[in-house]
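Examination of the molecular architecture
The chain contents come next:
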Amino acid sequence: MFEDKEQELTPISKLGEFGLIKHLTEHFPLGNESSELGVGDDAAVINPGNKRVVLTTDVLAEGVHFNLGYVPLKHLGYKAVVVNLSDIAAMNATPTQILVSLAVSNRFPVEALEELYAGIQAACGRYKVDLIGGDTTSSNAGLVMSITAVGIENEENIVKRSTAKPNDLLVVTGDLGGAYMGLQILEREHAVFLADPNMQPEMEGFDYILERQLKPEARTDVKGILEQLDIKPTSMIDISDGLASEILHLSDQSKVGFRLYEEKIPMDNLTITTADDLNLNPVMTALSGGEDYELLFTIASEDFDKIKNHPDFTIIGHAVEKEEGNFMVARGSNQLVALTAQGWDAFLGNQYHD
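Position labels on residues start from 1 in each chain and follow its written sequence. Two thresholds apply to this predicted model, a pLDDT of at least 70 for residue-level local features and 80 or more for giving and counting side-chain atom pairs, whereas whole-chain, interface and lining totals are computed over all residues. For the side-chain quantities, the full set of heavy atoms in the structure was used; hydrogens and water were omitted.

**Looking at the side chain of Asp 130**
Every helix listed is a DSSP run of H or I at least four residues long, and every strand listed is a run of E at least two residues long, numbered separately from the N terminus. In this fold, Asp 130 is placed in strand 5 (residues 130-138). Buried means the residue's accessible area, taken with a 1.4 Å probe over protein chains only, is under 20% of the maximum for its type, while exposed means over 50%, and partly exposed covers the values in between. His is not counted here, nor are the chain ends, while Lys and Arg score as positive and Asp and Glu score as negative. We define a salt bridge as a contact between a side-chain nitrogen of Lys or Arg and a carboxyl oxygen of Asp or Glu at a distance within 4 Å. Buried charge without a partner: Asp 130 forms no salt bridge, and the closest opposite charge is Lys 128, 11 Å away. Whenever a nitrogen or oxygen atom comes within 3.5 Å of another N or O atom, the pair is scored as a polar contact, on the condition that within protein one atom can donate a hydrogen and the other can accept it, and that pairs from neighbouring residues in sequence are kept only if both atoms are in side chains. Reaching out from Asp 130, the side chain makes a polar contact with the backbone nitrogen of Gly 31 at a distance of 2.8 Å. Contacts: residue pairs with any heavy atoms within 4.5 Å of one another. Aside from chain neighbours lying at most four places away, what touches Asp 130 is Pro 29, Leu 30, Gly 31, Asn 32, Ser 35, Thr 96, Gln 97 and Ile 98.

**Details of helix 5 (residues 207-214)**
Those residues of helix 5 lying buried are Ile 209, Leu 210, Arg 212, Gln 213 and Leu 214. Elements that come into contact with the buried residues of helix 5 comprise helix 2 (73-89), helix 4 (178-195) and helix 8 (269-277).

**Structural notes on the UniProt feature "binding site: Mg(2+) 3" (unreviewed entry) in the chain**
UniProt positions are given in the numbering used here, feature names are shortened, and annotations may be inferred rather than shown by experiment. Those places that UniProt annotates as "binding site: Mg(2+) 3" (unreviewed entry) correspond, in this numbering, to Asp 42, Asp 87 and Asp 238. The greatest C-alpha distance among the residues just named is 32.8 Å, and with 197 residues of sequence between them they are spread in space as well. For Asp 87, the location among the structural elements is in helix 2. A relative accessible area of 22% places Asp 87 in the partly exposed class. Not counting residues within four places of it along the chain, the set of residues in contact with Asp 87 comprises Thr 56, Asp 58 and Asp 238. Looking at the secondary structure, you find Asp 238 in strand 8 (residues 235-238). Accessibility expressed as a relative area gives 3% for Asp 238, which makes it buried. In this view, Asp 238 contacts Val 83, Ser 86, Asp 87, Ala 90, Glu 246, Tyr 293, Glu 294 and Leu 295; residues no more than four positions away in its chain are not counted. For Asp 238, the side chain forms a polar contact with the side chain of Ser 86, separated by 2.7 Å.

**Thoughts on empty space enclosed by the protein**
Buriedness of a pocket was judged along seven lines, with at least five required to meet protein on both sides within 12 Å; pockets are open sets of points on a 1 Å grid over the protein atoms alone, cavities are sets where a 1.4 Å probe fits but cannot get out, and lining residues have an atom within 4 Å of a point. Grid points are joined across faces, edges and corners, and a volume is the space filled by probe spheres set on the points. Applying the stated criterion to the full structure yields 2 cavities of 30 Å³ or more. Put simply, the second largest cavity is a space of about 40 Å³. Taken together, Ala 89, Ala 93, Arg 219, Thr 220, Val 222, Lys 223 and Leu 295 form the lining of the second largest cavity.

**Looking at the environment of Gly 224**
With respect to the helices and strands, the residue Gly 224 is situated in helix 6 (residues 222-228). Residues Gly 224 and Asn 92, spaced 132 residues apart in sequence, show a C-alpha to C-alpha distance of 9.4 Å.

**As for the sheet that holds strand 4 (residues 94-104)**
Across a sheet, strands are paired by hydrogen bonds formed along the backbone, either parallel or antiparallel in direction. DSSP calls a pair of strands paired once it identifies at least 2 bridges connecting them. Reading across from one edge, 3-6-4-5 is the order of the 4 strands in this open sheet, with mixed pairing throughout. A strand with exactly one partner marks an edge of an open sheet, and here the two such strands are strand 3 (52-61) and strand 5. Across the sheet, the axes of successive neighbouring strands diverge by a mean angle of 15 degrees, strand direction being ignored. As paired strands, strand 4 and strand 5 are joined by 8 bridges and run parallel to one another. Looking at strand 5, one finds that Leu 102 is bridged to Thr 136. Angles here are taken between N-to-C directions and fall from 0 to 180 degrees, while the axes themselves are lines fitted to C-alpha atoms, restricted in helices to the stretch in contact. Each of strand 3, strand 4 and strand 6 (144-153) is contacted by helix 2, which is oriented at about 40 degrees to strand 6, the strand it contacts most.

In structure tokens form, the structure reads like this:
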């Protein structure tokens, strides 16, 4: 966990629950106008004015969602915040506050939690959100984190999953599949290390996909870009479980079908070459890999000219009537391939391998 074997570590029991919370959160000032009262009282107070409050929460469990064998605690803290802010961004809302709760085993000293909170603080600073509360308790099963994110937005700006219509265009931000390929590299090198601790990991040249896995970013910038383009999405979702799964969520909620064009799926060259080297189908990494935290949304067809040449967005398909189903149009042909959700499932513990 720490390089310095001689470092004297502080057991959590030395501080106690309330002392630990104070120690970890005393350097988190409040910056948002809506944050009236933060850590230190029985409950936080948020004043949204005349806006709507948007709430989301995620639980991350060691051994299920992350492996501390290769995930630095500071990166874990940062990512744990980002995955929640991504959900707020997917509602076209502005994130403003978070609450953090931890269950930790006695193998974690105070210094380990300081690393975790350094990542949380970095994310709070990057996205201008306030830490306003949370809880800590002991655990017999390693580290478990629960983060709740709060967003505030005018009612007319909020975008749901349920409002896409036939003929709407399907649009995605960024590129896909990189986070999954980064995970494959980390898993491969971790397995090598376990077999022979003297082996040096081969990480050189994989920086982009490793960052996509270890330090993703929430697309909170998209709201402002779309406002500048005078576009309001007709539906939206973030890509946490894979492109195919998220398309099916939009389909189910909006009661429409979709046509996805394989040749339009945006992928980084490193993602493609790494998948090829590992005998994986690159397209499947985008469809089913997950953890890209890009945004998938629909827009009215009349907004095509506003968005068609924008470097942040790729039009990858369109909505059809519900009874026409959800299919990918295969590259170089008109063959229709049924879209199925084969991405990450925390209860099944499986991710798709081609």
